[in-house]
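Chains, contacts and geometry: an overview
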Amino acid sequence: MSVETGTDLTTDPAADSTAVDNATATAASASNDAAGPSAVTMTKALNQALRDSLADDDTVLVFGEDVGRLGGVFRVTEGLRAEFGSNRVWDSPLAESGIIGTAIGMAMNGMRPVVEMQFDAYAYPAFEQIVSHVAKMRNRTKGRVSLPITIRIPYAGDIGGVEHHSDSSEAYWTSTPGLTVVTPSNPADAYSLLRESIASDDPVVFMEPKSRYWMKETLSLPVSTAPMNRAQVIREGTDVTLLAYGPTVRTALDSAEAGAEHGLSIEVIDLRTLSPFDDETVSESVRKTSRAAIIHEAAQFGGYGAEVAARLTERNFTYLSAPILRVAGFDVPYPSPKLEEFYLPTVERVLDALESWDWEL
């Protein structure tokens, strides 16, 4: 599988869309299945994962704001309503708490709802429903009631989004026991992890990096990648381990390339599932390299990287040659589009952080 890292500017997430009739949608799906390997965007991979899940299991439902006729703001659900009907794919009212509350009732009665929050910060009105009910129902009922709900949340920045459209809210969800939190960084994982999330009997917060929606990868769908809950070493190295997830995996790989020009061998790990955390894979890498840094777009203070640094220090202290570093967003609300380039972690910031270590130790 090969990856094209550039954005496909011919795909405009704000462009208008019309409904696709049943014959057209079915023909397009069959054509894609028979075509063999092709350049697939993350948007297409997610769309196909939803389509295949709907086709394989009659209990799967897809709903949320504008996911039906429009096909979603980012066209992830395009064509699904036409193919499966408005009883299985439909537009909800603009009420996130209501969306999750409805999903809870459906899941308690044998359905597998897949809901979209549309944008990261739009999920906040549903926060109470998610942390108080979705995450706790299995425990509250001593395992008698499961909630197989997949909560899709497009998240993070680098798309020129305005306020409430570029948050990285992963720490809220990972600090809530009872939730599995997943974020793919590439189209293959997007397909495989979403299929696995929908099939899970436990609730999954599925975070989709918006800036990677138009990333292309040459592959054939369906595809099966590493299981959920397992991190992946995607570049071998011996000097330092870079940990990343979602949108910052590309930053980590670019940093590794730049570091190699200066004689630095950087190992890169894509975490993939943020909770539960794959201590085994990550600790094995850190014990080999003796140094680690984690990259994320969310603010540094209290961010996800703080938990990762603490876990790695507790488990691998005697193997470390230097403190674990965090390269993150700044401790300010997400800035306006004109300023986001100064907020986001960059290759330069990553390399500057690595240079701050005393490499003689």
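A short tour of the structure in this document, coming up. (Residues numbered from 1 in each chain as written. Predicted model: local features only at pLDDT ≥ 70, side-chain atom pairs only at ≥ 80, totals over all residues. Heavy atoms only, no water.)

**Re the overall build of the protein**
The test is simple: Secondary structure elements are defined from DSSP: runs of H or I of at least 4 residues count as helices, runs of E of at least 2 residues count as strands, and each element is numbered from the N terminus. In this analysis, two residues are considered to be in contact whenever any of their non-hydrogen atoms come within 4.5 Å of each other. Charge counting follows a simple rule: Lys and Arg are positive, Asp and Glu are negative, and His as well as the terminal groups are ignored. Every charge is mapped to an atom, namely NZ of Lys, CZ of Arg, CG of Asp or CD of Glu.
In terms of regular secondary structure, the protein is built from 13 helices and 15 strands. Here the analysis covers contacts within the protein between residues at least 6 apart in sequence; of these, 82% occur between residues at least 24 apart. The centroid of the 29 positive side-chain charges in the protein is displaced by 6 Å from the centroid of its 51 negative side-chain charges.

**Topic: the sheet that holds strand 14 (residues 292-299)**
Convention followed: Strands were regarded as paired on the criterion that DSSP finds at least two bridges between them. Axis geometry follows a simple rule: fit a line to the C-alpha atoms, using only the stretch in contact for helices, then measure angles between N-to-C directions, giving values from 0 to 180 degrees.
Spatially, 10-12-11-14-15 is the arrangement adopted by the 5 strands of the open sheet, whose pairing is mixed. Looking at which strands have only one partner, the edges of the open sheet turn out to be strand 10 (232-235) and strand 15 (325-329). Taking the axes of each pair of neighbouring strands and ignoring which way they run, one obtains an average angle of 30 degrees across the sheet. Of the strand pairs in this sheet, strand 11 (residues 240-244) and strand 12 (residues 266-270) are connected by 5 bridges, and their pairing is parallel. Across the sheet, the residue bridging to Ala244 is Asp270, located in strand 12. Seen against the sheet, helix 9 (residues 248-260) touches strand 10, strand 11, strand 12 and strand 14 and runs at an angle of roughly 170 degrees to strand 12.

**Digging into unusual backbone geometry**
With an omega of 5 degrees, the peptide bond running from Leu221 to Pro222 counts as cis. One can find Pro222 in the loop between strand 9 (216-219) and strand 10. Cis peptide bonds are those with omega within 30 degrees of zero, and the linkage from Ser275 to Pro276 qualifies with 0 degrees. Note that Pro276 resides in the loop between strand 13 (273-275) and helix 10 (279-289). Positive phi, normally seen in glycine, also occurs at Arg75, with a value near 65 degrees. Counting through the fold element by element, Arg75 comes out in the loop between strand 3 (60-64) and helix 3 (80-84).

**Some thoughts on the nonpolar core**
The line we're drawing: Residue types Ala, Val, Leu, Ile, Met, Phe, Trp, Tyr and Cys, when buried and joined through side-chain atoms within 4.5 Å, form a set referred to as a nonpolar core. Working definition: with a 1.4 Å probe on protein chains only, accessible area under 20% of the residue-type maximum means buried, over 50% means exposed, and in between means partly exposed.
Ile100, Met117, Ile151, Trp173, Leu271 and Val282 are the most contacted members of the largest nonpolar core, which totals 45 residues. If you list the elements that add at least two residues to this core, you get strand 3, helix 4 (96-108), helix 5 (127-134), strand 6 (150-155), strand 8 (204-209), helix 10, strand 14 and helix 11 (304-316). A total of 5 residues in this core trace back to one element, the largest contributor, which is helix 4. Of all hydrophobic cores here, the second largest spans 31 residues; its members include Val114, Val182, Phe206 and Leu219.

**A few points about the sheet that holds strand 8**
The 7 strands lie next to each other as 4-3-5-6-8-7-13, forming an open sheet whose pairing is mixed. What marks the edges here is a single partner per strand, and that holds for strand 4 (89-91) and strand 13. The mean angle between the axes of side-by-side strands here comes to 20 degrees, regardless of whether they run parallel or antiparallel. Judged from the 3 bridges that link them, strand 5 (residues 112-116) and strand 6 form a sheet pairing that is parallel. Bridge pairing links Val115 to Ile151 in strand 6. Sheet contacts for helix 2 (residues 42-56): strand 3, strand 4, strand 5, strand 6 and strand 8; angle to strand 3, the most-contacted strand, approximately 135 degrees.

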